[in-house]
Amino acid sequence: RDEIHPVPYNPLHLVPGEDIDLKAGELATIFQRLCGEESSAVPRMELILTSAVYALLPIPGTSLLDIERLLDQQDDAFRRWIVARTPDERTRSFWSTTYPTYPKDAHLSLINRLGRFLRPRFVRNLLCQPESSFDFRKAMDTRKIILIPLSDGLLGPAADILGQIFSSAFQLAAMSRADTPALDRVPFWLFLDEFQRVANTSTTTFEAIFTRSRKYG
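Procedures and definitions
- Residues numbered from 1 in each chain as written.
- Predicted model: local features only at pLDDT ≥ 70, side-chain atom pairs only at ≥ 80, totals over all residues.
- Heavy atoms only, no water.
- Phe/Tyr/Trp six-rings, centres within 6.5 Å; stacked < 30°, edge-to-face > 60°.
- Helix = DSSP H or I, 4+ residues; strand = E, 2+ residues; numbered from the N terminus.
- Buried < 20%, exposed > 50% of the residue type's maximum accessible area, 1.4 Å probe, protein only.
- Lys NZ or Arg CZ within 6 Å of the ring centre and 35° of its normal.
- Axes fitted to C-alpha atoms, helices over the stretch in contact; angles between N-to-C directions.
- Parallel < 35°, antiparallel > 145°, perpendicular 65-115°, else oblique.
- Contact = heavy atoms within 4.5 Å.
- Nonpolar A, V, L, I, M, F, W, Y, C, P; charged D, E, K, R; others polar.

### Examining the packing of aromatic side chains
This model, assessed by the stated rule, comprises eleven aromatic pairs. Ring centres of Tyr-9 and Phe-166 lie 5.4 Å apart, and the angle between their planes is 45°; this geometry places the pair in the tilted category. Of this pair, Tyr-9 sits in the segment before helix 1 (20–35) while Phe-166 sits in helix 11 (residues 158–176), and the two are 157 residues apart along the sequence. Both residues of the pair, Tyr-9 and Phe-166, belong to the buried class. Taking the centre distance of 6.2 Å and the plane angle of 40° together, the rings of Phe-94 and Tyr-99 count as tilted. Across this residue pair, the class does not change: Phe-94 and Tyr-99 are buried. Connected via pairs of aromatic rings, a cluster forms that spans Tyr-9, Phe-136, Phe-166 and Phe-170. The positively charged end of Arg-44 is found above the aromatic ring belonging to Tyr-102, 5.5 Å away from the centroid. Over the ring of Phe-78 we find Arg-69; its NZ or CZ atom is 3.9 Å from the centre of that ring.

### Let's talk about the packing of helix 1 against helix 7 (residues 108–118)
Angle between the axes and distance between the axes: these two values describe a pair of packed helices. Following both chains from N to C, one finds helix 1 and helix 7 inclined at 95°, their axes separated by 9 Å at the closest point. Overall, the two elements helix 1 and helix 7 adopt an arrangement that is roughly perpendicular. Here Phe-31, Leu-34 and Cys-35 of helix 1 lie close against helix 7, whose contacting residues are Leu-110, Arg-113, Leu-114 and Phe-117. Of the residues that constitute the contact of helix 1 with helix 7, the class distribution is six nonpolar, no polar and one charged.

Treat this as a map of the structure, not an account of what it does.
Right under this line is the structure:
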């Protein structure tokens, strides 16, 4: 693997025509697992995370590194810049009215966990580029083969989260093929080695793949 120049995949890159609600829901669910049980036990953390995803997704060039800037309680310049460009009224209301009333340390647990996940250089170089070179929908439609090696021996705990992110990307790409008549869809297949490792922590994604996405393959 090339740690310095991997082929980038930015989870916050919104492909034209992609459903922002589906993507935001998938990403928020994945990163809630990154935070563990605490995110479900503290609804405020879950709301912060979901609102951060909704705020950053529509803004071209943002990445996971921008979550910390968005949540910064000492300097709100970046947050005000995002709010001014966010098309969703509920998202604007949360960041301009609700979030400033939270305790100064309300975001620290989320930032600490996200920081540990993004600390390895390879993970940052892979996920935190402003644009994305991966287009899973295009690969499906043009019979391309994508190989994603995610060895936990090399990546450590980040391997499982990366597996969830890429599985979710496949699922969303498959769902987007609803805009193509069934007879015109090019068949594709998704193979997962050690499926149980990802499935144990990504139940929602695989429920969608098994019950809905497969009909678009």
